[in-house]
Amino acid sequence: MANHIKTIGVLTSGGDAPGMNAAIRAVVRTALGKGLNVQGIRRGYHGLLNEEIINMTARDVSDIIQRGGTVLQTARCAEMRTEEGQRKAAGILKKYGIEGLVVIGGDGSFAGAQKLSNLGINTIGIPGTIDLDIDCTEYTIGFDTAVNTAMEAIDKVRDTSTSHERCSVIEVMGRDAGYLALWCGIANGAEQILLPEEHDYDEQKIIDNIVENRKRGKKHYIIINAEGIGDSINMAKRIEEATGMETRATILGHMQRGGSPTCKDRVFASIMGAKAVDLLCEGKTNRVVGFSHGEYIDFDIDEALNMKKEIPEYQYKIAKDLSI
């Protein structure tokens, strides 16, 4: 081992994502297999600042790979955004002899890892977010499960929407990123997809489209609306008033975060977790584990945080073309 790390810590931070438990399991068992000690940090950076730190064994991560959520729990932490909080966190890690830290989460979690790296703690990030909004990687843990959960729910709404000849406005998660909405729009055959990246949508055009489709004999209409656009309930009321077509809003909400992770989320999370430990043992720090062009890679956190992931124009065009 390049820097002779003896003890590593692992935490999950920010929003939970299916597959986080598989990543935790892989970190713990890979590290133990290399003769390292592993400390689990509960409730993310909030728990770190409160010294909620526990020793972890192989037995502690038995029977968790199939479970949604995170056994270490997670939380938001405003204090970690301050220089005082960051120095306190680094001091606590050093107090417990934690020389390397694996952070499983999204951009906000990586920002904390970046600060800890600058303060002398070797840190590796693993992308765990259902939003698929980290540009340095083609895959983030939890997206596959979340998009399948949403797709199945939308299929069910479509059944009743068809039976009642309704328009359905279905809101999926995605405050700043529209990947869930885009993928569900294509997979569920939606007539309209509203993305936070496209704030200038024209509601009147949607209304006109519904009216024209009804004239051609179309009996139901599905609108996938990203959380970043929101206002689904009022949107449904406005559409019903303008078109005369019964319209209902369905907000899927946090059900998209839960549930047993898919095979893809379990496998990717396991490999990324093992990769994170390998990187620490190689003496690396301030890196993010990613997946690109069929390979598991690592990327500089500083560069990763300066990237902005955009919706692929070609995919969005296909979604529009297929909605005719």
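Cut-offs used in this document
Residues numbered from 1 in each chain as written. Predicted model: local features only at pLDDT ≥ 70, side-chain atom pairs only at ≥ 80, totals over all residues. Heavy atoms only, no water. Salt bridge = Lys/Arg side-chain N within 4 Å of Asp/Glu carboxyl O. Buried < 20%, exposed > 50% of the residue type's maximum accessible area, 1.4 Å probe, protein only. Patch = residues over 30% accessible without salt bridge, like charges linked within 9 Å, V, L, I, M, F, W, Y side chains within 5 Å. Areas by Shrake-Rupley, 256 points an atom, 1.4 Å probe, with all protein chains shown as cover. Lys, Arg positive; Asp, Glu negative; His and termini not counted. Charge placed at Lys NZ, Arg CZ, Asp CG, Glu CD. Helix = DSSP H or I, 4+ residues; strand = E, 2+ residues; numbered from the N terminus. Polar contact = N/O pair within 3.5 Å; in protein donor to acceptor, adjacent residues only side chain to side chain. Contact = heavy atoms within 4.5 Å. Pairing = 2+ DSSP bridges. Axes fitted to C-alpha atoms, helices over the stretch in contact; angles between N-to-C directions.

Peer 1: Give me the lowdown on the pattern of salt bridges, citing residues and values where you can.
Peer 2: Using the criterion set out here, one finds 18 salt bridges in the structure. The partner of Asp231 in a salt bridge is Arg238, with the nearest N and O atoms 3.1 Å apart. A relative accessible area of 38% means that Asp231 is categorised as partly exposed. For the salt bridge of Asp298 with Arg287, the shortest nitrogen-to-oxygen distance reads 2.8 Å.

Peer 1: Please set out a negative patch on the surface residue by residue, giving values where relevant.
Peer 2: Together, Asp135, Glu198, Asp200, Asp202, Asp208, Glu310 and Glu313 give the surface a local cluster of negative charge. Following the sequence through the fold, Glu310 ends up in the loop between α10 (301-305) and α11 (313-322). Judged by its relative accessible area of 46%, Glu310 is partly exposed.

Peer 1: Could you give an account of the side chain of Asn213, naming the residues involved and the relevant values?
Peer 2: Positionally, Asn213 belongs in helix α7 (residues 203-215). The class for Asn213 is buried, based on a relative accessible area of 10%. Side-chain polar atoms of Asn213 contact the side chain of Asn209, separated by 2.9 Å. Not counting residues within four places of it along the chain, the set of residues in contact with Asn213 comprises Lys218 and Tyr221.

Peer 1: Summarise the sheet that holds strand β1 (residues 7-12); cite the residues concerned and give the values.
Peer 2: On the basis of which strands lie adjacent, the open sheet formed by seven strands has the order β3-β2-β1-β4-β5-β10-β11 and mixed pairing. Edge positions in the open sheet fall to β3 (53-55) and β11 (295-300), since each of these has one partner strand only. Looking at each pair of strands side by side, their axes are set apart by 30 degrees on average, direction ignored. Relative to strand β10 (residues 287-292), strand β5 (residues 122-127) runs parallel, the two sharing two bridges. Bridge pairing links Gly125 to Val288 in β10.

None of the figures reported here should be taken as evidence of function without further support.
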